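# Residue-level structure breakdown
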Amino acid sequence: MRNQDLSVLPISKPAPASAGATGTWRTYKPVVDLAKCVDCGICWLYCPESVIEWEKGRKIAIDYMYCKGCGICADVCPVKAISMEPEGT
Ligand code: SF4
Ligand code: SF4
C-alpha cells in the first residue's frame, strides 16, 4: 500500500461540475452560530457531502452550492451551534 496523506480527509469531495450542485429543491439550510462553535470538527466529519470546510483554529464554512440540507451537521453538533433555517429567510 502506498503512503497516503491522511490529513486530507474526508476523501470524497463534490465534483466541481454543475452535475454535483444542489438545485432549488433544498428547503432548509444549515446556519452556523460561530459564537457558539467550539471548533470540534464533528460536523465536518459527518457531513455526507463533504461540503464543510474546517481546519482547527479557523472558523468553519459551508459550501451552499453543494450542501443538500440534510441536517446531519445540526444533529451532531454537540453545542447546537448549527440550526436548520428555511431557504429564503
Ligand atoms: S445540511 Fe447536510 S449536506 Fe449540508 S452541510 Fe449539513 S450535513 Fe452537510
Ligand atoms: S460540530 Fe458544532 S461546534 Fe463542532 S465545529 Fe461544527 S459547528 Fe462548531
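This text gives an overview of the structure that appears in the document. (Residues numbered from 1 in each chain as written. Chains lettered and ligands numbered in written order. Predicted model: local features only at pLDDT ≥ 70, side-chain atom pairs only at ≥ 80, totals over all residues. Heavy atoms only, no water.)

Of all residues adjacent to ligand 1, which total 14 residues, the nearest are C47, C67, C70, G71 and C73. Within the shell around ligand 1, the residues separate by chemical class into 10 nonpolar, 2 polar and 2 charged. (Near = heavy atom within 4 Å. Nonpolar A, V, L, I, M, F, W, Y, C, P; charged D, E, K, R; others polar.)

Further remarks concern the site of ligand 2. The environment of ligand 2 is formed by C37, V38, D39, C40, G41, C43, I60, C77, P78, V79 and I82. Its residues assigned to classes, the shell around ligand 2 shows 9 nonpolar, 1 polar and 1 charged.

Moving on to the environment of K68. Locating K68 in the fold gives a position in the loop between β3 (61–62) and α2 (72–76). Taking the C-alpha atoms as reference points, K68 and V51, separated by 17 residues in sequence, lie 9.3 Å from one another. Polar contacts involving the side chain of K68 include one to the side chain of T22, which spans 3.2 Å. (Helix = DSSP H or I, 4+ residues; strand = E, 2+ residues; numbered from the N terminus. Polar contact = N/O pair within 3.5 Å; in protein donor to acceptor, adjacent residues only side chain to side chain.)

On inspection of all chains with the given rule, the structure shows 3 salt bridges. One salt bridge connects E87 with R26, and the closest N-O pair in it is separated by 2.5 Å. Residue E87 is found in the segment after β4 (82–86), and its partner R26 is found in the segment before β1 (28–32); the two are separated by 61 residues along the sequence. Judged by its relative accessible area of 30%, E87 is partly exposed. We classify R26 as buried; its relative accessible area is 13%. Across the salt bridge formed by E55 and R58, the nearest N and O atoms sit 3.7 Å from each other. For E55, a relative accessible area of 47% gives the class partly exposed. (Salt bridge = Lys/Arg side-chain N within 4 Å of Asp/Glu carboxyl O. Buried < 20%, exposed > 50% of the residue type's maximum accessible area, 1.4 Å probe, protein only.)

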